[in-house]
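# Breakdown of the fold
One letter stands for each residue in the lines below.
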2 protein chains.
Amino acid sequence: MYLERIDGPQDVKALDRAQRVELAREMRAALIEKLSAHGGHFGPNLGMVEATIALHVVFDSPRDKMVFDVSHQTYAHKMLTGRKQAFLSSDAYDDVTGYSAPQESAHDFFTIGHTSTSISLACGMAKARDLVGGKENIVAIIGDGSLSGGEAMEGLDYAAELRGNLIVVVNDNDMSIAENHGGLYENLRALRESGGKCENNLFRAFGLDYVFVADGNDIDALIQAFERVKDTDHPTVVHICTQKGKGYAPAERDKERWHYCAPFDRETGKPRFAQSGEDYGELTAQWLLDKMQTDPRVVAITSGTPGVFGFDKDKRDRAGAQFVDVGIAEEHAVAMASGIATNGGKPVYGVYSTFLQRAYDQLAQDVCINGSPVTILVYAASVYGMNDVTHLGIFDIPMISNIPGLVYLAPTCKEQYLSMLHWAIDQNEHPVAIRVPADGVVASGQSESTDWGQLNRYRVVRRGGKVAILALGSFFGLGMRVAQALERQTGVAPTLIDPIYITGTDTKLLDALTSDHDIVVTLEDGVIDGGFGEKIARYYGAHPTMRVLNYGLRKQFLDRYDVEQVLRDNRLTPRQIVQDVLALN
Amino acid sequence: MYLERIDGPQDVKALDRAQRVELAREMRAALIEKLSAHGGHFGPNLGMVEATIALHVVFDSPRDKMVFDVSHQTYAHKMLTGRKQAFLSSDAYDDVTGYSAPQESAHDFFTIGHTSTSISLACGMAKARDLVGGKENIVAIIGDGSLSGGEAMEGLDYAAELRGNLIVVVNDNDMSIAENHGGLYENLRALRESGGKCENNLFRAFGLDYVFVADGNDIDALIQAFERVKDTDHPTVVHICTQKGKGYAPAERDKERWHYCAPFDRETGKPRFAQSGEDYGELTAQWLLDKMQTDPRVVAITSGTPGVFGFDKDKRDRAGAQFVDVGIAEEHAVAMASGIATNGGKPVYGVYSTFLQRAYDQLAQDVCINGSPVTILVYAASVYGMNDVTHLGIFDIPMISNIPGLVYLAPTCKEQYLSMLHWAIDQNEHPVAIRVPADGVVASGQSESTDWGQLNRYRVVRRGGKVAILALGSFFGLGMRVAQALERQTGVAPTLIDPIYITGTDTKLLDALTSDHDIVVTLEDGVIDGGFGEKIARYYGAHPTMRVLNYGLRKQFLDRYDVEQVLRDNRLTPRQIVQDVLALN
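Residues numbered from 1 in each chain as written. Chains lettered and ligands numbered in written order. Predicted model: local features only at pLDDT ≥ 70, side-chain atom pairs only at ≥ 80, totals over all residues. Heavy atoms only, no water.

Looking now at the relation of the copies chain A and chain B. Superposing chain A onto chain B takes a rotation of 180 degrees plus a shift of 0.0 Å along the axis, which leaves an RMSD of 0.0 Å. Here the transformation between the copies is reduced to the relation of a two-fold axis. When the interface residues of chain A are mapped onto chain B, 100% of them again fall at the interface, so both copies present the same face. (Least-squares fit on C-alpha atoms with pLDDT ≥ 70 in both. Contact = heavy atoms within 4.5 Å.)

If you look at the interface, chain A gives 105 residues, while chain B gives 105 residues. Between chain A and chain B, a total of about 8500 Å² is buried, with carbon and sulfur atoms accounting for 57% of that surface. Taken as a group, A:Glu154, A:Asn343 and A:Arg538 account for 8% of the area that chain A buries against chain B, more than any other trio of residues on that side. For B:Arg358, the salt bridge is made with A:Asp361, and the minimal N-O distance between the two is 3.2 Å. Linking chain A with chain B are 54 residue pairs in polar contact (both at pLDDT 80 or more), by the criterion used here. Broken down by element, the side of chain A that touches chain B gets its largest block of residues, 10 residues, from helix H7 (residues 118–132) of chain A. Of the residues belonging to the side of chain A that touches chain B, the class tally is 46 nonpolar, 37 polar and 22 charged. (Buried area = accessible area lost by both parts, 1.4 Å probe. Salt bridge = Lys/Arg side-chain N within 4 Å of Asp/Glu carboxyl O. Polar contact = N/O pair within 3.5 Å; in protein donor to acceptor, adjacent residues only side chain to side chain. Helix = DSSP H or I, 4+ residues; strand = E, 2+ residues; numbered from the N terminus. Nonpolar A, V, L, I, M, F, W, Y, C, P; charged D, E, K, R; others polar.)

Residues and elements named next belong to chain A. With 13 residues, helix H8 (residues 150–162) ought to run about 18 Å at 1.5 Å a step, and its terminal C-alpha atoms sit 19 Å apart, in line with that. Most of H8 sits out of view: 12 of its 13 residues are buried. By the burial criterion, the buried members of H8 are Gly150, Glu151, Ala152, Met153, Glu154, Gly155, Leu156, Asp157, Tyr158, Ala159, Ala160 and Leu162. (Expected span 1.5 Å × (residues − 1). Buried < 20%, exposed > 50% of the residue type's maximum accessible area, 1.4 Å probe, protein only.)

Using the criterion set out here, one finds 11 cavities of 30 Å³ or more in the structure. Taken as a whole, the largest cavity holds about 100 Å³ of empty space. Taken together, 18 residues line the largest cavity, and the ones lying closest to its centre are A:Gly541, A:Met546, B:Tyr540, B:Gly541 and B:Met546. Contributions of two or more residues to the lining of the largest cavity are made by strand E18 (547–553) of chain A together with strand E18 (547–553) of chain B. Classifying every residue of the lining of the largest cavity gives 10 nonpolar, six polar and two charged. (1 Å grid on protein atoms, 1.4 Å probe; cavity = no way out; pocket = protein on both sides within 12 Å on 5 of 7 lines; lining within 4 Å. Points joined across faces, edges and corners; volume = space filled by probe spheres on them.)

Here we take up the state of the cysteines. Residue and element names in this part refer to chain A. Counted under the stated rule, the structure contains zero disulfides over all chains. Not engaged in a disulfide, the cysteine cysteine 241 finds its nearest cysteine sulfur in cysteine 198; these two sulfurs lie 11 Å apart. In this structure cysteine 241 comes out as buried when scored by relative accessible area, which is 11%. (Disulfide = S-S within 2.5 Å.)

Moving on: the packing of helix H7 (residues 118–132) of chain B against helix H8 (residues 150–162) of chain B. All names here are of chain B. Relative orientation of the contacting elements H7 and H8 amounts to 25 degrees, with a least axis distance of 8 Å. One way to sum up the angle between H7 and H8 is to call them roughly parallel. Where H7 crosses over H8, the two elements pack in a sense that is left-handed. Along the contact surface, H7 presents Ile119, Ser120, Cys123, Ala126 and Lys127, while H8 presents Glu151, Ala152, Gly155, Leu156, Tyr158, Ala159 and Leu162. Of the residues in the contact of H7 with H8, the class split is eight nonpolar, two polar and two charged. (Axes fitted to C-alpha atoms, helices over the stretch in contact; angles between N-to-C directions. Parallel < 35°, antiparallel > 145°, perpendicular 65-115°, else oblique. Left-handed = near helix turned anticlockwise from the far one by under 90°.)

This brings us to the sheet that holds strand E8 (residues 298–302) of chain B. Residues and elements named next belong to chain B. Read across the open sheet, the six strands follow the order E9-E8-E10-E11-E13-E12; overall the sheet is parallel. Both outer strands of the open sheet, strand E9 (323–325) and strand E12 (407–409), are each paired with one neighbouring strand and no more. When the angles between neighbouring strand axes are averaged without regard to direction, this sheet yields 20 degrees. Pairing of E12 with strand E13 (residues 432–435) involves three bridges; the strand directions are parallel. Note that in E13 the partner of tyrosine 408 across the bridge is alanine 433. Contacts from helix H19 (residues 414–426) reach E8, strand E10 (346–352), strand E11 (375–379), E12 and E13 within the one sheet, and its direction differs from that of E11 by about 150 degrees. (Pairing = 2+ DSSP bridges.)

All names here are of chain B. Within the secondary structure, arginine 272 sits in the loop between strand E7 (260–261) and helix H13 (280–294). Beyond its immediate stretch of four places on either side in the chain, arginine 272 contacts Ser36, Ala37, Pro263, Phe264 and Asp265. For arginine 272, the side chain forms a polar contact with the main-chain oxygen of phenylalanine 264, separated by 3.2 Å.

What follows is the structure, encoded as C-alpha cells:
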C-alpha cells in the first residue's frame, strides 16, 4: 500500500505515474472507509483526491503555501502531509479536525470553516511575501459553490491589483451543497462546454490569467496545468472540472445528500443510525409550505443551505417561485429580504447562527434602520449546535440583539415557535428574528394565542418567592430543573420566568420582583458577554438588595467539545447553579 | 427658472429638449450654491444631474422604483421629486437628509448610506413584484466605486437568476472616493475605451444584458438608452460614463478632495472654515510612515477611505507598496490582513466604526479564531462621530468586544494611542483593535512605556473612596468632570479609573474596590447594551453591597442629532450623573 508509506509531499513526488493512480485509489478507499464509520464531508473530498496529489507533486508545501476554501475538502491534503493515520486507523480518526488546522501541521496555515475567504487570505500571504522579498507560490483552492460569496469576488477583484504570483485553483464540480444559483454558474458552464474558450470569461473580466483543465480527476493533466502556472509572475486562475463524490456511486448520483454524511452502510449507502423524532427544520418547511398556499407573498430564502429549514429538493419544488436560494451570499440574502418586504412580500430567511455573522451590516442597515418586516430564523444557535470552532452558534445574542429595532424571540417549545413564526410573517411593524431551539423539539401541548407584538412581556410560568429564574429559550428546560432542585433543597418554590424577548427588558415585571425576591438568576444558551443576562444585571445594578447571577458560556472559542463537559465548566448544571444560589444566603 | 416649477417627475416629462438642458444648468447652479454654504457630497451629485433628469423622463416614479446605491448622489433626484426648496432656499437646506429617505418622499424606498446594497435591494423589490404580479420597472443606480463591494457582486450574480425586469444603471465616473482599485476597473476602462464592445464584459459574464452610453451627461443619449431597456423582461446593465464634479472646475480637477465638501468659497474653492489643531488621522499616517521606513513588513490597509487615517495622495505615494487600498471591500480587507500577518507582515487596517460592521465575520473567523496579530484602528467610534443614521459609530463595542481573542483598547490621549499602536504592531500574540478617540486630540504630556500585553490591567488615575468611576476611552474627560463635581459636592474624592481594556475585566482591581467603595459608575461612548459597563454590572451582580450605575447611549438609531442634546437625553452630563450617584445614598 502506497498510502501507508506517505509521510509527506516528498513521498508523493517520488511516485511514478501509475503509482499515483494507485495512491488515489487507496486514498479514496480510505476516505469511504473512514467516513462510513465516522461521518464527515463526503462528496467534496472524494472529488479532490487527484487534484490534491497533483498539487503536492508540483508545489513544494509548506514553502509554497496552499489555502483551502472552507477547508472541508482537505482530507486528502491531510493524508499526504503526515496525517495519514487519521484516515487509516479507526483509533486515530479523531486525531484530525474536519478542516485545515495549523495546530496539526505546518502544511496548514489557517483554521477555516466559512466559505469564500481563501482568495483574500492568499492575497494577504502574497502581499506579505512581496514585502519581504519571498519567492514562494501562494495557491488558493476554492470550490465553485464558494464563488458566489461576495468576499470571494472581492478577492478575485483585488487579486489583479496584486500583480505578483498568485494561483487560484477553482474546483468546479458544478454543485454547491445543493445546486448552484447565480449568473456566474452559467459562465462556468459555458467555460466547461467550450473548453475554457467561451466569450466573457468571468475570471479574465476580473483581470486574471486563466487556464482550463477539462478533467480535474486526471492527475497527469492537473500536473501539467500546475507546472505551467508554477512560479508565475501574475495572478492566474486554474479552472479544473472535478466530479463531486467520485468513486462512490450513491454520492455520484445524489450529490446534495452526500455533501456531508453521517456514518453509513457502505453496501447500501443507508445511514447507520436512523434519525428519529421531530425536527424544527422539517416542521418549519411544512408550516411554510402550508402558509405559501394561502399567501402568495410568502417567500422562503436560503443562502446555499436549504436543509437548515427543511427544504429538501421535493419541498423546494413544491414551493416553486416562493423558494429562493441565492447561493452562498448571506449579505445579498438579507438585503434582498429587505427589498422583498419593502415591496409587499413576506420574506422568511432561514440561516445558521454562525453564517448570520456574515450579514451583520445588512441586518443593521438594510433591515433594522429601515424597519423592514423581515423574518429571520436562526438555527443551531446553541451550545447544542455545531461544535467545530468555525461553526459555533453561541455568538448570535451579543451580535444581533444589541442592534436597535430588531425583535429577537426565544421560543421554548414548538407551539410558541410556530405561533411566533405566524405572527412574524403577518405583522408589518418589526424586523423579527427567532432563535430556533437546537436541542430537539419540545411540545408543551398548549395552544398559543399570544400577540407577540405586545413587546417585551416576559411570561411568569410559575410564581414563587425569594429567587426568580429567567430561563431563556432553549435553556428553559434547565431553568425548570434548577427550580425543582431549589424547591427540593429549600422548601421554597422559586419564580420561574420565560423571558421570550431577547431584545427587551420587562421593567414592570423586574420591578415587581423586587418586592418578594432578592436573587435573580438568568440562564442563556450562548456567550454571556454582551448577552441577555447582563442587561438584567445592569437593570438591577443600583438596587440595594437584589442580587443577580448570570449564567451562560464564557467568552471563548470552543472546538469539538463535549457539551456536558462545557456545561460543567461554565457552572451550568442544576446542581452547580443551586449551589451558587444557596451560597448567597 | 424651470426648477422652481418642478413639483414632481410629471413636470420634468413636460419639458422639451432645450428646457431639460436648461433645467440641468439650473440644478447644477443650485447644487453649487447650496453645497458651498452647507457642505455635502459634491462630486457624486454634480455628475448625476443629467442621468437623474433622464431617469425621471423615461420612468414613472414612484410606480417604477429607483434604488440609489449609497444614496449620497440623490440630491438631483430630491430636486425633481417635490423637494426642490431644500436646494433653493437656504432656510430649507436642512429639510432633507443627505441620503434617500422614505420619510421625505414616496419616491424614496430605503434609508441607505453604506455602499453596494442597491442591486440586492432591487432584486428583492423585483422578486416581490413578480410574486404579486406587478409590472413596474425596478431600477438600481450604482456607482463604479460601489461595485468592488462583495454585496454588489453577489447582487449582480443573483440578478440573472431573477430573470424578470431589473435595470442596473452603472454610473461610471472612474472614481471611488479616491481612485478605484481592483481588476474590474480595468474591465470598465476597456468597456469605455471600446464603446462597450471589449472582450470579457464583466456584466455579460454574470449573465446580464448590457447597454453602453458613452456620454452619461448627455440627456438625450440617456433617454434613448433608458427607453430601450424600459419594461424589459430580463436583467440589464446600462453602463453610463459620467464626469464626477462636472460643472465646477476645481472638482473636475481634484475629484478625491471634492467627493465631499465642507462649506467653501465658490470663487476660490477654499474651505470657509479652516480646520485647526491636531487630528488623529494625520498623526496616525505620519507615525506609520515613520514606522514603515524602519520596518518593511508594516503595511497600512484601507477599504476605499484612505482619508480615515490621514493617507492623502502624497502620503500614499510615500508609503508605496506599504499602502494598500483594496477598494470598497471591507471583508476582503480584514481577511487579507489576516493573510498578511500569517505570512510575517504587519498589517494595520484603518476603518470607520460604521463600516467595520461589514467585516464582523472576517474579524471573528479569519482574524480572531486564527489569533492573527492584525491591528485595526477604529475611527469615528463615538457619539461625536458621523451623525447620519446610516453612519453612526456607536455600535462597535457590543459588536466586536464580545468576540473571543480580540484585544480592544480604548486610549484616552495621544500618548497612550501611539504607544498602543506601536505595541500592537510589534507584538505577535493578539488581534488588536484600537478605538481612536473621536472628540479631538488630547495630549497628556506624559510619556507612555506601558506593556499593553499585560492584559486587562485598569489604571487607577486617582485613588479616592466610596465612589469609583470607570471612564472608558473618549469618555475619560467626562469621568474627570464627574469626579471633580462629586468631590465639590461631597467633599470626598472618588476613585477615577482609566479601564483601557474594553475586552477584559480587571477582577483583581474590581475586588479591591469593594473594601472601601460602594458605588461604581461606568461611562462609555457608545450604546450601553452589550457594552463595557454591563460586564462590570454582571461582575458585581451577586455582591451584597456594591451598586453599579452604567452610563452610555440607549440602544436606538439616532439621526442628524445634536450631541449635547443626546448626552442630556441619556443622562450623560456631569450634573445628571452626580445627581444619580447622590440619589443612591
